[in-house]
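Read off the chains here:
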Amino acid sequence: MDVPASLLDFSLVQGTSLDRRHRFPRLDRVSMPVRVASLMLVSWLPLLVLSLLEGGPTAHAFLRNVATHVEFLVSLPLLVAADGYIDMRLAAAVRHFVISEMIDAQHLPRYEAIARDAMRGRRSGVIEAGLMVLSFAASFVHLPYLPNRPAWLHAEPGGPLTLAGWWYLAVSMPIIRFLLLRWLWRAILWAIFLFKVSRLPLSFVPTHPDSAGGLGFLGTSQASFSVIVLALSATLTAQRLAHASTANFTGYALHLFAFALICLAVVFSPLMFFFRQLLLAKRRGDHSYSGVAAWHSRRFERRWFHHELPQGLDPLGAPEFSSQTDLNTSFNVARGMRWFPVDIRAALAVVVAAMAPMVPLLLADRRFIEVMLALGKSIL
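Residues numbered from 1 in each chain as written. Predicted model: local features only at pLDDT ≥ 70, side-chain atom pairs only at ≥ 80, totals over all residues. Heavy atoms only, no water.

1. Focus on unusual backbone geometry
Excluding glycine, a negative phi dihedral is what most residues carry, and trans is how most peptide bonds are arranged.
Argument step 1. Positive phi values are uncommon outside glycine, yet glutamate 101 reaches one of about 60 degrees.
Argument step 2. As for its position among the elements, glutamate 101 is in the loop between helix H6 (66–99) and helix H7 (108–122).
Argument step 3. The phi torsion at serine 211 lies on the positive side, around 60 degrees, for a residue other than glycine.
Argument step 4. Following the sequence through the fold, serine 211 ends up in the loop between helix H9 (163–198) and helix H10 (216–223). (Helix = DSSP H or I, 4+ residues; strand = E, 2+ residues; numbered from the N terminus.)

So this is what it looks like as structure tokens:
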């Protein structure tokens with residue numbers, strides 16, 4: 001089935017109503033490296049300059065604050081780079097519903113309307129303006145109660161904010177907070193889209209090779225959110241590193257593993273909307289293919305084991321054996337169909353992204369390096 005023109009430009013990233021009115025620059029038209037460099041120059045570089053101008057303990061504390069550097073030099077670029085990476089995969093998933101003929105032609109107009117609703121929510125200037133206001137307000141509403149505030153925000157404990165501290169609260173933090181809130185809103189829109197699509201009568205194929213009735217592509221598209229998971233994991237680990245020793249690697253690993261489990265539940269939970277239809281399709285497949293397999297196997301045995309074979313009939317070239325093998329394969333695929341369209345590779349993508357900050361921690365540990373060197377020598 002051909003993809004309608006209205007679905008060819010599906011996007012949860014490109015443009016908002018504010019962009020169309022030219023109140024804000026069209027950042028989506030700027031190349032990703034330029035956007036990343038610009039945001040880093042605005043959010044991190046002024047903190048460095050103002051801290052160095054302040055000098056003394058403030059500059060020393062800023063340079064040693066790993067959490068701040070990771071937040072703006074690692075997590076922020078990942079959040080920006082995720083725009084094109086995730087959007088491309090979500091758009092491909094939207095088109096795949098039509099290409100795979102999972103959506104019947106008579107329900108295609110309704111499907112297009114669901115996609116338009118998702119893009120209309122993405123284009124809402126009111127929502128984006130609200131996210132901006134919330135991002136800025138959060139820095140000052142909770143100013144007296146900011147947990148684990150960096151030491152370089154104040155020239156002295158309990159004293160007034162430094163210039164770098166004001167920039168951090170008024171510019172740097174609102175930028176990264178806005179990026180996170182915007183991705184949260186996009187994830188909500190995508191979850192709503194999947195919920196509405198799951199209400200349509202979808203055509204699942206129990207013998208599809210992905211063992212998910214043909215819906216396995218959704219698990220792959222959801223796994224693209226692992227970029228966001230990596231950005232969050234890097235920030236959380238750096239913040240914990242700033243207030244705890246790196247000696248307890250077990251504690252870091254347990255915390256990251258717990259975070260990975262939470263991310264697995266959050267990232268793949270929207271696919272539960274398809275549980276009922278997948279379960280019904282699996283049951284229909286079990287009954288249908290079981291009946292066909294019984295009919296075919298019964299006649300196969302009668303022909304080859306319970307009757308005298310005709311003269312000159314060679315079993316090695318008989319087509320019945322090939323058809324029996326093909327039917328057994330189809331039956332096993334239908335019987336193994338999953339009711340949840342997530343395979344091990346999609347789940348591993350999220351887990352690895354959540355656990356990735358353990359790699360630099362281990363590489364920075366002298367004991368780990370010594371063990372790896374000793375292991376390398378023993379192998380060689």
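2. Concerning helix H4 (residues 45–54)
Argument step 1. For H4, the full list of buried residues reads Pro46, Leu47, Leu48, Leu50 and Ser51.
Argument step 2. At its buried positions, H4 is contacted by helix H3 (32–43), helix H5 (56–64), H6 and H9. (Buried < 20%, exposed > 50% of the residue type's maximum accessible area, 1.4 Å probe, protein only. Contact = heavy atoms within 4.5 Å.)

3. Topic: a nonpolar patch on the surface
Argument step 1. Together, Leu41, Val42, Leu45, Val49, Leu53 and Trp167 make up a nonpolar patch on the protein surface, roughly 520 Å² of accessible area in all.
Argument step 2. Of the residues forming the nonpolar patch, the biggest block, three residues, is contributed by H4.
Argument step 3. Within the element layout of this structure, tryptophan 167 appears in helix H9. (Patch = residues over 30% accessible without salt bridge, like charges linked within 9 Å, V, L, I, M, F, W, Y side chains within 5 Å. Areas by Shrake-Rupley, 256 points an atom, 1.4 Å probe, with all protein chains shown as cover. Salt bridge = Lys/Arg side-chain N within 4 Å of Asp/Glu carboxyl O.)

4. Section: the pattern of salt bridges
Argument step 1. Within the structure shown, the criterion is met by six salt bridges.
Argument step 2. For arginine 35, the salt bridge goes to aspartate 83, with nearest N and O atoms at 3.3 Å. With arginine 35 in helix H3 and aspartate 83 in helix H6, this residue pair connects regions lying 48 residues apart in the sequence.
Argument step 3. Note on aspartate 83: relative accessible area 5%, which makes it buried.
Argument step 4. With a shortest N-O distance of 2.6 Å, aspartate 117 and arginine 120 are connected by a salt bridge.

5. What about H6?
Each α-helix winds once per 3.6 residues, and so residues spaced three or four apart point in a common direction.
Argument step 1. For H6, with 34 residues, the first-to-last C-alpha span of 47 Å sits near the 50 Å given by 1.5 Å per residue.
Argument step 2. Roughly 40 degrees is the biggest bend found in H6, and it falls at alanine 82.
Argument step 3. At the C-terminal side of H6, glutamate 101 shows a positive phi close to 60 degrees. (Expected span 1.5 Å × (residues − 1). Bend = angle between axes of the 7 residues up to and from the residue.)

6. So, the packing of H4 against H9
Argument step 1. Here H4 crosses H9 at 165 degrees, and the two axes come no closer than 8 Å. Between H4 and H9, the crossing angle belongs to the class labelled roughly antiparallel. Judged by the sense of rotation from one axis to the other, the crossing of H4 with H9 is right-handed. When H4 is examined against H9, the residues Pro46, Leu47, Leu50 and Ser51 are found in contact with a partner set consisting of Leu163, Ala164, Trp167, Tyr168 and Ser172. (Axes fitted to C-alpha atoms, helices over the stretch in contact; angles between N-to-C directions. Parallel < 35°, antiparallel > 145°, perpendicular 65-115°, else oblique. Left-handed = near helix turned anticlockwise from the far one by under 90°.)

7. A word on the environment of threonine 58
Argument step 1. Relative to the assigned elements, threonine 58 resides in helix H5.
Argument step 2. Distance from threonine 58 to alanine 155, taken between C-alpha atoms, is 6.2 Å for residues 97 residues apart in sequence.

8. Some points on the UniProt feature "transmembrane region" (unreviewed entry) in the protein chain
Argument step 1. Per the UniProt record, the feature "transmembrane region" (unreviewed entry) sits at residues 30–53, 126–146, 166–195, 215–236, 256–275 and 344–363.
Argument step 2. Taken end to end, residues 166–195 comprises 100% helix and 0% strand; its first and last C-alpha atoms sit 42 Å apart.
Argument step 3. The span residues 215–236 carries 86% helix and 0% strand; its end-to-end C-alpha distance comes to 33 Å. (UniProt positions renumbered as here; feature names shortened; annotations may be inferred.)

9. A few points about the packing of aromatic side chains
Argument step 1. Evaluated as defined, the whole model comprises 14 aromatic pairs.
Argument step 2. Seen from their ring centres, phenylalanine 97 and tyrosine 111 are 5.8 Å apart, and the 55 degrees between their planes marks the pair as tilted. You can see phenylalanine 97 sitting in helix H6 and its partner tyrosine 111 sitting in helix H7, a full 14 residues away along the chain.
Argument step 3. Here the aromatic residues Phe10, Phe97, Tyr111, Trp190, Phe193, Phe217 and Phe274 are joined through ring pairs into a cluster of three or more.
Argument step 4. The cationic tip of arginine 186 hangs over the ring face of tryptophan 183; the distance from NZ or CZ to the ring centre is 4.6 Å. (Phe/Tyr/Trp six-rings, centres within 6.5 Å; stacked < 30°, edge-to-face > 60°. Lys NZ or Arg CZ within 6 Å of the ring centre and 35° of its normal.)

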